[in-house]
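# Analysis of the macromolecular model
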Amino acid sequence: MVDVRDTKILISKKYKFSKENEMEHCECRHTMRTEKERKVLMTRLRTVEGQIRGIEKMVESDAYCPDIVMQVSAVTNALNSFNKLLLAAHIRGCVTEDIREGKEDKVDELCSMLQKVMK
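Residues numbered from 1 in each chain as written. Predicted model: local features only at pLDDT ≥ 70, side-chain atom pairs only at ≥ 80, totals over all residues. Heavy atoms only, no water.

In this structure, V48, I55, M58, I68, V75 and A78 together form the largest nonpolar core, which totals 6 residues. For A78, the contacting residues outside a window of four places in its chain are V48 and Q51. (Core = buried A, V, L, I, M, F, W, Y, C linked by side-chain atoms within 4.5 Å. Buried < 20%, exposed > 50% of the residue type's maximum accessible area, 1.4 Å probe, protein only. Contact = heavy atoms within 4.5 Å.)

As a further point, take the packing of helix α2 (residues 65–100) against helix α3 (residues 105–117). Following both chains from N to C, one finds α2 and α3 inclined at 155 degrees, their axes separated by 9 Å at the closest point. Judged by the inter-axis angle, α2 sits roughly antiparallel to α3. Between α2 and α3, the contacting residues are L87, H90, I91, C94, V95, D98 and I99 on the first element and K106, V107, E109, L110, M113 and L114 on the second. Among the residues making up the contact of α2 with α3, the classes are represented as 9 nonpolar, 1 polar and 3 charged. (Axes fitted to C-alpha atoms, helices over the stretch in contact; angles between N-to-C directions. Helix = DSSP H or I, 4+ residues; strand = E, 2+ residues; numbered from the N terminus. Parallel < 35°, antiparallel > 145°, perpendicular 65-115°, else oblique. Nonpolar A, V, L, I, M, F, W, Y, C, P; charged D, E, K, R; others polar.)

On to the pattern of salt bridges. A full pass over the atoms with the stated rule returns 5 salt bridges. In this structure, E49 and R53 form a salt bridge, with 3.4 Å as the shortest nitrogen-oxygen distance. In this pair, E49 and R53 are both assigned in helix α1 (residues 35–60), 4 residues apart and thus about one turn of the helix distant. Ionic pairing is found between E101 and K103, a salt bridge with its closest N-O pair at 3.2 Å. (Salt bridge = Lys/Arg side-chain N within 4 Å of Asp/Glu carboxyl O.)

So, on to a nonpolar patch on the surface. On the surface, M42, L45 and L79 cluster together into a nonpolar patch covering about 210 Å² of accessible area. Within the fold, L79 resides in helix α2. (Patch = residues over 30% accessible without salt bridge, like charges linked within 9 Å, V, L, I, M, F, W, Y side chains within 5 Å. Areas by Shrake-Rupley, 256 points an atom, 1.4 Å probe, with all protein chains shown as cover.)

Further remarks concern unusual backbone geometry. The phi angle of most residues is negative, glycine excepted, and most peptide bonds adopt the trans form. A positive phi angle, near 55 degrees, is found at D62, a position not held by glycine. Considering the arrangement of structural elements, one finds D62 in the loop between α1 and α2.

This part is about the layout of surface pockets. The calculated volume of the largest pocket comes to roughly 540 Å³. Taken together, 22 residues line the largest pocket, and the ones lying closest to its centre are N83, L86, L87, H90 and M113. Secondary-structure elements contributing two or more residues to the lining of the largest pocket are β2 (23–32), α2 and α3. For the lining of the largest pocket, the element with the most residues is α2, which contributes 8 residues. Here the lining of the largest pocket is built from residues that sort into 10 nonpolar, 6 polar and 6 charged. (1 Å grid on protein atoms, 1.4 Å probe; cavity = no way out; pocket = protein on both sides within 12 Å on 5 of 7 lines; lining within 4 Å. Points joined across faces, edges and corners; volume = space filled by probe spheres on them.)

Right, dumping it as structure tokens:
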């Protein structure tokens, strides 16, 4: 398991282009992850990506429907595992740090996010 206690959230300036190609400023939140933490997350995402490509090939080759459904279920489980890692990192790092700093609104943000995720 990755130690995420050093994870930090940063607010940084990010620029985007409007329809008129003018640069606009927006505030964006970022989480600084360790290289090890990033590697674990990216490995999981690449695994999911490979599974999705496999499902595409199954559909293209007219594979048996229950076999495809099982592969889709495996992708769903892999994404759920990814979310569990990410959420644990968020709670141990970002939420804990903000609570220590007296920013109680982080708990409300977490609860709101969980309500949306667990529909």
